[in-house]
Amino acid sequence: MDHAYPGTVISMTLAKLSAQARTFAVLPLIETPRHDTRLPIVPSRGRPPRVHLWHIGCQMNDADREMIAERLREIGCLPECSLEDADLVILITCTVRQNAEQKVYGKFRELTPWKREREGRAIAMTGCMAVEHGEQLLRTLPDLDYVFDVRDADGFFERLQQTYSIDLDGPLPAPPSDRISAYVSVMGGCNEMCTYCIVPFVRGRESSRRVEDIVEQVRRLVDSGVREVTLLGQNVNSYMDPADGRRLWHLLEAVDQVPGLARLRFLTSHPRNATRELFAAMRDLPTVCEALHLPVQAGHDDLLRRMRRVYTVAEYRERIAEAREMIPDLSLSTDIIVGFAGETPDEFAGTRALLEEVGFDVVHLQAYSVRPGTAAARRPDDIPTDEKKRRLNELLALQKECAGRINARLLGEKVEVLLEGRGEDGRMYGRSRQNRMVWCEGTLQASVGDIVAATVTGTSAWQLEARVEESASA
Ligand code: SAH
Ligand code: SF4
Ligand code: F3S
């Protein structure tokens, strides 16, 4: 295999920035000064410091939460404790839309009485909102003690060791886990500069990990019982091994070889990097699931241009047609923003028409939210909230109908289900390779983590019901 193979990616040049543009710098650890109105952080000696973790946002934050928990264990702290029991809370935040920030502020308000209840408790904030606002957060939230960046968290963990005078007898062992699915970050950052999006500013420029390091991490996860892995990047199909230029499809080939791995997924792909090589890997590699998340954002060329998505509706259609032709049983999902600055009725109608035409299995719909410092923030946010809601509801109703029709075609078909848990009614549930939620009858002998073959007996827009025929694997 030629590892320097560059693939057919449209262009890798970085978007140009003006002199006034925001930076992509990593945020250093910032702490509260000890002398003002705040309570001092007093170490609770005699037991390992207990840490409560809370997160919102995308799967990147799920992966970061895992990483933070692991690092806490390494320095002798106990992560994933209940709030009542905790000495420290770490909030892992998101800033992609205004309402994500509002949720963080809401959570913070709940923590104020918690913190004041016992001396020595502390609150730290990390994640994208922490990078966005930095030191200013310590001024506006008097009970906040630390702000740090997950991309450079050493300073924070060192400070915890000093503050709590942790007496290390070695890292605390990780408790046994019954987790069957895990996220693995394969690259950070994003080099696209979609005009509405704050992610490149808070996650920085793209940087990929080595194939071998990722394979090793997956191997360890599989050894601990994980059966399904999702490789993560904001723009994961621009993945490139920093040493030899291997692309995402090479990485999929390598991870597919890990013994015991049952399923492999990847998120989020950008349409401009969705190549035939990638589709071929999806078709040919046994573990790679037939599910493609390909955010389109809008269905009109003028809108796409204003969003700087660098493809046309026709090009998007071609990519999808190619993917569908190459991968039988492919399920497709996408993201849409409604009410973007200046979205005309005609442009909105284009998005509606694209949804009708393509027939996505899942559509994540969001109303446009202005993000300070982005290029689109210079345009007036001129679609009134009520109109954004109306457009959102129109597409939601359309998508419900569409997904209902797609799923109805599966009646009587066979699906392969990876069982994830048991519901209150005793039925087990899990996901098909196409990532559809399936409720299973006849799984009395089965356990979580099994893969079963089932026949679809009922469908709705959001899930399937199925009867288990045989155990395909244990
Ligand atoms: N890298 C991915 C997604 C990143 S953010 C991609 O390129 O698709 C996840 C989703 O949030 C985006 O797909 C977009 O639909 C939505 N989003 C991002 N910025 C937004 C904004 N300012 N307002 C509303 N939705 C936004
Ligand atoms: Fe944001 Fe995704 Fe565009 Fe990157 S590709 S700027 S993360 S929407
Ligand atoms: Fe939110 Fe940051 Fe993800 S802004 S969507 S948590 S990359």
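Everything that follows concerns the structure shown earlier in this document.
Quantities reported herein were computed from a predicted structural model and do not represent experimental measurements. (Residues numbered from 1 in each chain as written. Chains lettered and ligands numbered in written order. Predicted model: local features only at pLDDT ≥ 70, side-chain atom pairs only at ≥ 80, totals over all residues. Heavy atoms only, no water.)

1. Regarding helix 9 (residues 276-284)
Here is step 1: By the burial criterion, the buried members of helix 9 are Glu-277, Leu-278, Phe-279, Ala-280, Ala-281 and Met-282.
Here is step 2: Packed against the buried residues of helix 9 are helix 8 (248-256), strand 10 (263-267), strand 11 (291-293) and helix 11 (313-326). (Buried < 20%, exposed > 50% of the residue type's maximum accessible area, 1.4 Å probe, protein only. Helix = DSSP H or I, 4+ residues; strand = E, 2+ residues; numbered from the N terminus. Contact = heavy atoms within 4.5 Å.)

2. Some details on the site of ligand 3
Here is step 1: As a matter of local geometry, ligand 3 sits amid Cys-58, Asn-61, Cys-94, Thr-95, Val-96, Cys-128, Arg-203 and Gln-234.
Here is step 2: Residue composition of the shell around ligand 3, grouped by class: 4 nonpolar, 3 polar and 1 charged. (Near = heavy atom within 4 Å. Nonpolar A, V, L, I, M, F, W, Y, C, P; charged D, E, K, R; others polar.)

3. Considering the packing of aromatic side chains
The geometry of an aromatic ring pair comes down to the distance between the two centres and the angle between the two planes.
Here is step 1: Throughout the structure, instances matching the rule amount to 9 aromatic pairs.
Here is step 2: One aromatic cluster is present, formed by Tyr-146, Phe-148, Phe-156 and Phe-157 through successive ring pairs.
Here is step 3: Directly above the ring of Phe-348 sits Arg-391, whose terminal nitrogen or CZ lies 5.5 Å from the centroid. (Phe/Tyr/Trp six-rings, centres within 6.5 Å; stacked < 30°, edge-to-face > 60°. Lys NZ or Arg CZ within 6 Å of the ring centre and 35° of its normal.)

4. Some words on the sheet that holds strand 11
Here is step 1: Strand order across the open sheet formed by 3 strands is 11-12-13, with parallel pairing between neighbours. This sheet does not close on itself; its edge strands, each paired only once, are strand 11 and strand 13 (362-367). Ignoring strand direction, the axes of neighbouring strands in this sheet form an average angle of 15°.
Here is step 2: Bridging between strand 11 and strand 12 (residues 331-338) involves 3 bridges; their strand directions are parallel. Along strand 12, the bridge assignment pairs His-293 with Ser-333.
Here is step 3: Taken strand by strand, helix 13 (residues 385-408) contacts strand 12 and strand 13, and its axis lies near 175° from that of strand 13. (Pairing = 2+ DSSP bridges. Axes fitted to C-alpha atoms, helices over the stretch in contact; angles between N-to-C directions.)

5. Quick look at the pairing of strand 16 (residues 437-441)
Here is step 1: Most of strand 16 sits out of view: 4 of its 5 residues are buried.
Here is step 2: As paired strands, strand 15 (residues 428-432) and strand 16 are joined by 4 bridges and run antiparallel to one another. Note on strand 16: the bridge partner recorded for Arg-431 is Met-437.
Here is step 3: Taking the residues between adjacent antiparallel strands as the criterion, strand 15 and strand 16 are bridged by 4 residues, where Asn-435 takes a positive phi near 75°.

6. A short note on helix 5 (residues 154-163)
Here is step 1: All buried positions along helix 5 are accounted for by Phe-156, Phe-157, Leu-160 and Thr-163. Mapping the buried residues of helix 5 onto a view down its axis gives an arc of 125°, with all of them on the same face. (Arc of directions from axis to C-beta.)

7. Thoughts on the side chain of Asn-273
Here is step 1: With respect to the element layout, Asn-273 can be found in the loop between strand 10 and helix 9.
Here is step 2: Within the structure, Asn-273 has its side chain in polar contact with the side chain of Asn-235 (distance 3.3 Å). (Polar contact = N/O pair within 3.5 Å; in protein donor to acceptor, adjacent residues only side chain to side chain.)

8. Quick look at the environment of Arg-265
Here is step 1: Mapped onto the elements of the fold, Arg-265 is located in strand 10.
Here is step 2: A relative accessible area of 9% means that Arg-265 is categorised as buried.
Here is step 3: Sequence separation of Arg-265 and Asn-435 is 170 residues, and the distance between their C-alpha atoms is 9.6 Å.
Here is step 4: Polar contacts involving the side chain of Arg-265 include one to the main-chain carbonyl oxygen of Arg-433, which spans 2.9 Å.

9. Here's the deal with the pattern of salt bridges
Here is step 1: The final tally for this structure, using the stated rule, is 42 salt bridges.
Here is step 2: Taking the shortest distance from any N to any O, the salt bridge between Glu-117 and Arg-121 comes out at 3.5 Å.
Here is step 3: Relative accessible area serves as the criterion here: at 64%, Glu-117 is assigned to the exposed category.
Here is step 4: In this structure Arg-121 comes out as buried when scored by relative accessible area, which is 3%.
Here is step 5: In this structure, the salt-bridge partner of Glu-465 is Arg-427, at a minimum N-O distance of 3.6 Å. On the criterion of sequence distance, the pair formed by Glu-465 in strand 18 (residues 463-473) and Arg-427 in the loop between strand 14 (414-422) and strand 15 is long-range, its members being 38 residues apart. (Salt bridge = Lys/Arg side-chain N within 4 Å of Asp/Glu carboxyl O.)

In short, geometric facts, not functional conclusions.
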